[in-house]
Every structure is written in structure tokens, then in C-alpha cells.
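Report on the structure
Given next are the chains, with one letter for each unit.
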Amino acid sequence: MPDSTRTVAEIVTPEPDAQRRAASQVSLVIPALNEAQALSSALRAALNLEPPALELILVDGGSTDGTVTLAEEAGVRVLHAARGRALQMNLGAQVARGGILCFLHADTRLPRDAVAVMRHSLADPEVAAAGFTSLMEGPEGVRWVTSFHNFIKTYYAPLLFRPVAFFRRHLRLLFGDQAIFCRREDFESVGGYQEVPIMEEATLCERLGQRGRILQLSRTVRSSDRRVRRWGFWRAHATYLLVGFAWGLGISGRRLRRLYPDVR
């Protein structure tokens, strides 16, 4: 027979153990637009994590290739949204069920123990968000110079443009190919991603930095070097620097977007 001694509040409110389990579950959110060429390897890695993620959500921004078909055939939940990476990630976060949100680029492969790494990192209540070290690679192997620049810009960008926050609040600026992750409650408290055309990750880090430390982990993820291959080494790095410095000086995202066209 039902336990009539339990109050309505006790019945409705999840048990503490269930709450703790939900808080430690990881939802992976992938914003995508015409990513059929790169998506398969990212999905394969994401679906074979140990321990597994709670769910994998792909938010499509209007792909005209096989992106949606690939995701559906892999058993991934697919949402449809207007084009815009920040908007797509916000939509994915709204429907995600995990207490930890990880935003993953469609050309980025997570390490097998990524879920355990995320849980361990966010077990520290002083940490608001973290990201992996990004290795850029392609048919010719890892691009070590580009990867090193990706590593150091997490530190020099806030040091140059947000020095007070860098020293006082341990601000670090993470970027999309680092698979940024944070607690749902922190993400929601800062309003999620600002829906700007570019540099939405840096803006999110600024906001989350008010709630705790931002970490770049020594563990690596691997992303496609397609932009460097398409543009060439010197143009790609000049563009990275130009966009970063322009953002630091307050140039609008709409103007910055023209400097950073898609390569898909």
C-alpha cells in the first residue's frame, strides 16, 4: 500500500541522491550547420565515452547536406533552429536534462574519459567553467604552432584586455574548439550565451568569471584544422589575431563576423 505518512512535498521533491545524480549528469550540445564531412568522428567519440554522457543533442541551423541524417542515424536527438551558433547552443541548453552542460563543436573529438574529467573539474565549487586544451589536426597531423597559439590565447587575451579580472578573478577566455563545460545553474544565472555573431564563448567566460574560476585543462580534445588548410597558415593566424584584438577593443560582433567567414 502507498505510504500515507509522506507529505505532498516529500512525494514531489526528488530524493537527495537523485538530485546529486542529476547534477552530475552531462549533456553534450552540438551546434551544427552543414557539418556532414566532419560530424561522424565527433559523434563516434561522443557516443563512446566511458562513463557515458546522459544525452547528446545536435541543434541544426538549417543544414542542406547530410548533417541531420547522420545524427538521426546515430540515434542523436536533433533540434531545428534558426542559424546562429549562440542561439543554437542556448536552445540545446534549454531542453538538456543534465546538470552539467558541455558545448561541443561538430569537428571536435572528446577524450574517452571526458565525462569523468568534467565531473572532477566541477567538483570544486570555486570553478565556474572549464575547457580542454585544443589540438588542431588534419591529414598532415597536428598543427603544433596553431595548437600552441590556441593554448596561450586563453591567457594572453584576458591579460591584455581584462587585466583586472585576470588577476582578481582568475579570468581565462575559452573558445569553442575547447569544448567548454559548466554547471547548468551557472549557465542559466548569467543568461546563457549572448546571441552575437562571433566571440560568444569569450563573452560567456566573462560572465561566468563573475561566479568562479575559469580553467583550461591539460587534457586535450582534437579539432579539424580545416580553416588553416583553407586559408593558409599566415592568413589564418593573422585573422585570429585581428578578430581577437578587435573584440578586446570593443568592435561589434557584426563587424567582426565579416572578418571570419565560414569554411564549410
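No experiment lies behind these values; they were computed from the predicted model shown. (Residues numbered from 1 in each chain as written. Predicted model: local features only at pLDDT ≥ 70, side-chain atom pairs only at ≥ 80, totals over all residues. Heavy atoms only, no water.)

Things to note about helix H5 (residues 85-95)
Note that an α-helix has 3.6 residues per turn; residues three or four places apart therefore point the same way. Where H5 is concerned, the buried positions are Ala86, Gln88, Met89, Asn90, Gly92 and Ala93. For H5, the elements touching its buried residues are strand S1 (26-32), strand S2 (55-60), strand S3 (77-80), strand S4 (100-103), helix H9 (184-189) and helix H10 (200-208). (Buried < 20%, exposed > 50% of the residue type's maximum accessible area, 1.4 Å probe, protein only. Helix = DSSP H or I, 4+ residues; strand = E, 2+ residues; numbered from the N terminus. Contact = heavy atoms within 4.5 Å.)

As for the pairing of S4
By the alternation rule, side chains of S4 split into Ile100 and Cys102 and Leu101 and Phe103, which are all buried. Where S1 lies against S4, four bridges are found, and the strand directions are parallel. Its bridge partner lying in S4, Val29 is registered against Phe103. When S4 meets strand S8 (residues 181-183), the two strands line up antiparallel, connected through three bridges. Opposite Leu101, over in S8, you have Cys182 as the bridge partner. (Pairing = 2+ DSSP bridges.)

With respect to the pairing of strand S9 (residues 213-224)
Relative to S9, strand S5 (residues 108-109) is paired through two bridges, and the arrangement is antiparallel. What sits directly across from Thr108, in S9, is Ser223. Relative to S9, strand S6 (residues 127-138) runs parallel, the two sharing nine bridges. Residue pairing for S9: Met136 is matched across the bridge by Ser223.

Re the side chain of Asp177
Its place among the elements puts Asp177 in the loop between helix H8 (163-168) and S8. Apart from residues no more than four positions distant in its own chain, Asp177 is found in contact with His105, Thr108, Ser134, Met136, Asn150, Val221 and Ser223.

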